[in-house]
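If you want the building blocks of each chain, they are given just below.
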Amino acid sequence: TRAPRATPTTRSQPPPPPSAEIVSPTDRFSGTAPLRVTFAGRGNSELERIELWGYTQGQANPQIICTIDAHASTQKTGQCDWNMPSAGVVYLFAQAIDIYHQSARSTPISGFIGVPLVPTPTATPTATLGR
């Protein structure tokens, strides 16, 4: 007699990957440094972290601007201030990573960062000492 065949155990699939978005500023923004960016991640499972990435025109690779721990939550919003090294056009995107190490990027946005306005020095009147 034949031995019954073992039935393969079904592997549970991870849930769909998370999503990420930049809440503010909106695409084609214009502002001065530091740029305040609000971004969010939403997971179908617990999130590990959310990240904000950015790069300037002509830069080969994006750089991570900030990371926010999102453990024990499926939704997380964060805020970061970015001080760019110089004025110019910048591109930003958010990324969410879940506990399965699945990640998703937001739609990138772009804008212009100008130099912060510094007060113009005013001439100080010189006092004349009594003669």
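Above this text sits the structure in question.
Parameters and conventions
- Residues numbered from 1 in each chain as written.
- Predicted model: local features only at pLDDT ≥ 70, side-chain atom pairs only at ≥ 80, totals over all residues.
- Heavy atoms only, no water.
- Helix = DSSP H or I, 4+ residues; strand = E, 2+ residues; numbered from the N terminus.
- Buried < 20%, exposed > 50% of the residue type's maximum accessible area, 1.4 Å probe, protein only.
- Areas by Shrake-Rupley, 256 points an atom, 1.4 Å probe, with all protein chains shown as cover.
- Contact = heavy atoms within 4.5 Å.
- Phe/Tyr/Trp six-rings, centres within 6.5 Å; stacked < 30°, edge-to-face > 60°.
- Pairing = 2+ DSSP bridges.
- Axes fitted to C-alpha atoms, helices over the stretch in contact; angles between N-to-C directions.
- Core = buried A, V, L, I, M, F, W, Y, C linked by side-chain atoms within 4.5 Å.
- Salt bridge = Lys/Arg side-chain N within 4 Å of Asp/Glu carboxyl O.

## Structural notes on the overall build of the protein
Here comes step 1: The helix and strand inventory of the protein stands at 0 helices and 9 strands.
Here comes step 2: For the protein, the N- to C-terminal ordering of α and β elements is β-β-β-β-β-β-β-β-β.
Here comes step 3: Here the protein holds 131 residues, and 34% of them are scored as buried.
Here comes step 4: Total accessible area on the protein is roughly 9300 Å²; 52% of this is exposed by carbon and sulfur atoms.

## Points about the side chain of Gln102
Here comes step 1: If you trace the backbone, Gln102 turns up in the loop between strand E7 (88-98) and strand E8 (103-105).
Here comes step 2: Once residues within four sequence positions are removed from consideration, Gln102 is found in contact with Pro14, Pro15, Pro16, Pro17, Pro18, Ala96 and Ile97.

## Some words on the packing of aromatic side chains
Here comes step 1: Applying the stated criterion to the full structure yields 2 aromatic pairs.
Here comes step 2: Look at Trp53 and Phe93: their rings are 6.0 Å apart centre to centre, the planes differ by 5 degrees, and that puts the pair in the stacked class. Separated by 40 residues along the polypeptide, Trp53 in strand E4 (residues 47-56) and Phe93 in strand E7 bring together distant segments of the chain.
Here comes step 3: An angle of 20 degrees between the planes, with centres 5.1 Å apart, marks the rings of Tyr55 and Tyr91 as stacked. Linking Tyr55 in strand E4 with Tyr91 in strand E7, this pair joins segments that are 36 residues apart in sequence.
Here comes step 4: On the basis of relative accessible area, Tyr55 is assigned to the partly exposed category, the value being 24%.
Here comes step 5: You can call Tyr91 partly exposed: its relative accessible area is 24%.

## Thoughts on the sheet that holds strand E1 (residues 19-24)
Here comes step 1: Spatial ordering of the open sheet is given by E1-E3-E6, a layout of 3 strands whose pairing is antiparallel. At either end of the open sheet lies a strand with only one pairing partner, and these are E1 and strand E6 (75-82). The sheet shows a mean angle of 25 degrees between the axes of neighbouring strands, taken without regard to direction.
Here comes step 2: Pairing of E1 with strand E3 (residues 35-42) involves 5 bridges; the strand directions are antiparallel. Following the sheet pairing, Glu21 is matched in E3 by Ala40.

## A closer look at the nonpolar core
Here comes step 1: With 23 residues, the main nonpolar core has Ile22, Phe29, Phe39, Leu52, Leu92 and Ile113 as its most contacted residues.
Here comes step 2: For this core, the secondary structure elements donating two or more residues are E1, E3, E4, strand E5 (63-69), E6, E7 and strand E9 (109-114).
Here comes step 3: At 4 residues, E7 tops the list of elements feeding residues into this core.
Here comes step 4: Once residues within four sequence positions are removed from consideration, Ile113 is found in contact with Phe29, Gly31, Thr32, Ala33, Leu35, Met84, Ala87, Gly88 and Val90.

## Examining the pattern of salt bridges
Here comes step 1: If you walk through the whole model with that rule in mind, you get 4 salt bridges.
Here comes step 2: Ionic pairing is found between Arg49 and Glu48, a salt bridge with its closest N-O pair at 2.5 Å.
Here comes step 3: Looking at Arg49, the relative accessible area reads 26%, which means it is partly exposed.
Here comes step 4: In this structure, a network of salt bridges that share partners links the residues Glu48, Arg49 and Glu51.

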